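# Structural features, examined
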Amino acid sequence: MRFWERALRRAGVALAYSEGHSPHPRLSLAAPLAVGVTSSAELMDVLLSRRIAPRDFMHSVSAQLPAGIDVMEVVEVGLGLPSLQSEVRWARYRVEGPFAGGPEEAHSAVERFLAAESIPWEHTREKEVRKYDIRALVRELRVDDAPSGSYALVWSCAAITRLPAGQSRVVAALGLPEPAGIHRQELVLAGTSPAREAWRRAGRFVE
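Residues numbered from 1 in each chain as written. Predicted model: local features only at pLDDT ≥ 70, side-chain atom pairs only at ≥ 80, totals over all residues. Heavy atoms only, no water.

Turning our attention to the overall build of the protein chain. In terms of regular secondary structure, the protein chain is built from six helices and nine strands. The long-range fraction of contacts in the protein chain, counting pairs at least 24 apart against all pairs at least 6 apart in sequence, stands at 66%. Roughly 12,600 Å² of accessible area belongs to the protein chain as shown, and the carbon and sulfur atoms make up 50% of that amount. (Helix = DSSP H or I, 4+ residues; strand = E, 2+ residues; numbered from the N terminus. Contact = heavy atoms within 4.5 Å. Areas by Shrake-Rupley, 256 points an atom, 1.4 Å probe, with all protein chains shown as cover.)

See below:
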């Protein structure tokens, strides 16, 4: 968040600030990443104090970004619409890690997981034991291509705020080694908000 605050300030866009003794820019990521997780699918709400055409915003901000971080799209939305955080429903991840077994073993582990009606799971956090059905949190799961001596999985799961286990817990439930890399490929929004659809049809700021 500090990175985006600095980039937006350098870009000279008119950020809106919170009130109170320590005002801060009104920015909000749809689903903040855990430490060590990479992504190519981040979404963020940015509130401005005055209007700017999306193409001008994109041009100004992109000029302040280092290699490897790119703004892919900018869309104006109504102030009364639900926040991105409340609209996130699913996320798609790709995980990979070392694996001494063959591809057929990884496929078998995935088939067993998907065939199960439920997989009770628990873990302890700050002395509190949390219990849940980890199977219910995963919508799609498949084995992806991986180099020899490793595994790779792609799955869609409940939004990160609804996944108390974290991605490594799903891997553990499959009986596979701890992942060496976790990458988020996509965030899926609810897409059913009448207000959001009405804004898309008629309320978008004309460039």
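Structurally, Ala173 can be placed in helix α5 (residues 167-174). For Ala173, a relative accessible area of 22% puts it in the partly exposed group. Along the primary structure Ala173 and Val110 are separated by 63 residues, whereas in three dimensions their C-alpha atoms are 9.9 Å apart. (Buried < 20%, exposed > 50% of the residue type's maximum accessible area, 1.4 Å probe, protein only.)

Next up on the list: the nonpolar core. Ranked by size, the top nonpolar core spans 31 residues in total, and within it Phe113, Leu141, Leu153, Trp155 and Leu174 carry the most contacts. Elements with a contribution of two residues or more to this core: β4 (88-98), α4 (103-115), β7 (138-143), β8 (150-158), α5 and β9 (181-189). Discounting residues that sit within four places of it in the chain, Trp155 has contacts with Ala91, Arg92, Tyr93, Val95, Val138, Glu140, Leu141, Gln167, Val170 and Val171. By size, the runner-up hydrophobic cluster in this structure holds 11 residues, among which are Ala7, Ala11, Leu27 and Val61. (Core = buried A, V, L, I, M, F, W, Y, C linked by side-chain atoms within 4.5 Å.)

A word on the environment of Ala16. Tracing the sequence through the fold places Ala16 in the loop between α1 (2-11) and β1 (27-29). For Ala16, a relative accessible area of 12% corresponds to the buried category. Sequence-distant contacts of Ala16, defined by excluding residues within four places in its chain, comprise His24, Pro25, Arg26, Leu47, Leu48 and Ser49.

Another aspect to go through is the packing of α4 against α5. At a closest axis distance of 9 Å, the pairing of α4 and α5 adopts a crossing angle of 100°. For the element pair α4 / α5, the angle class is roughly perpendicular. Of the residues in α5, those touching α4 at Ala109, Val110 and Phe113 are Val170, Ala173 and Leu174. Of the residues in the contact of α4 with α5, the class split is six nonpolar, no polar and no charged. (Axes fitted to C-alpha atoms, helices over the stretch in contact; angles between N-to-C directions. Parallel < 35°, antiparallel > 145°, perpendicular 65-115°, else oblique. Nonpolar A, V, L, I, M, F, W, Y, C, P; charged D, E, K, R; others polar.)

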